[in-house]
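# Observations on chain architecture
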Amino acid sequence: MSAPAEQRASTVRCPHCGKTNRVPAAAEGSPSCGHCHRPLPWITDAGDDDFTAVADHTSLPVLVDLWAPWCGPCRMVSPALEQLAGELAGRIKLVKVDVDRSPTVAQRFAVQAVPTLIVQRDGEVLARQPGAMPLPALRDWLHRALEAVPDQREEQT
Ligand SMILES: [Zn+2]
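Below or above, wherever it landed, is the structure these notes cover. Every value quoted in this text rests on a predicted model; they were computed, and no experiment measured them. (Residues numbered from 1 in each chain as written. Predicted model: local features only at pLDDT ≥ 70, side-chain atom pairs only at ≥ 80, totals over all residues. Heavy atoms only, no water.)

To continue, consider the coordination of the zinc ion. Ligation of the zinc ion by protein atoms is provided by C14 (SG), C17 (SG), C33 (SG) and C36 (SG), these donors lying 2.3 Å from the ion. Here the zinc ion is ringed by four donor atoms whose angles at the metal span 103 to 118°, and the overall shape comes out tetrahedral. If you list the donors of the zinc ion from N- to C-terminus, the spacing comes out as C-x2-C-x15-C-x2-C. Residue class for C33 comes out buried when judged on its relative accessible area of 1%. (Donors = N, O, S within 2.8 Å, 3.2 Å for Na, K, Ca; no water. Tetrahedral: all angles 85-135°; square planar, octahedral: opposite > 155°, others 65-115°. Buried < 20%, exposed > 50% of the residue type's maximum accessible area, 1.4 Å probe, protein only.)

As structure tokens, then:
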């Protein structure tokens, strides 16, 4: 149906220098701009066939957005999550899962309502938020969840 996650890429405009970059859905490390080398927002879709490659086998903590096309609150929360993925570029990967098309992923997280938001690292759930929240509350929740993650980045000089 879809190409392997490593070959699936989206075009991302660097928020620092404005150059466009191709960012793969799954890759070693995390994406940075080919021009100015600063971290790029990492936002991708995943489904039953590639969730493991995209969200479990990745070096960054993952914010999973479990959404559905018919869900009004999901459409409200989606731009807020994309903004947070931009603010936390290089620290988090945003993975969006359409639960209607991905029943196995939905079952894995025992999704009972959408949106359901998950923060996970190496496949381990660190935080879970059922239901939408406004951006400031989402930001607080996400920062608290990430505080539980050891920061393995090296200091950049
Ligand atoms: Zn750049």
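From this point, the narrative continues.
Another point: helix α4 (residues 135–147). A rise of 1.5 Å per residue sets the reference length of α4, with its 13 residues, at 18 Å; its end C-alpha atoms lie 18 Å apart and thus fit the reference within 8%. Among the residues making up α4, those that are buried are L138, W141, L142, A145 and L146. One face of α4 carries all of its buried residues, which in axial projection span an arc of 130°. Exposed side chains of α4 directed beyond 90 degrees from the buried face belong to R144 and E147. Taken together, the buried residues of α4 touch β4 (62–67), α2 (72–87), β6 (116–121) and β7 (124–130). (Helix = DSSP H or I, 4+ residues; strand = E, 2+ residues; numbered from the N terminus. Expected span 1.5 Å × (residues − 1). Arc of directions from axis to C-beta. Contact = heavy atoms within 4.5 Å.)

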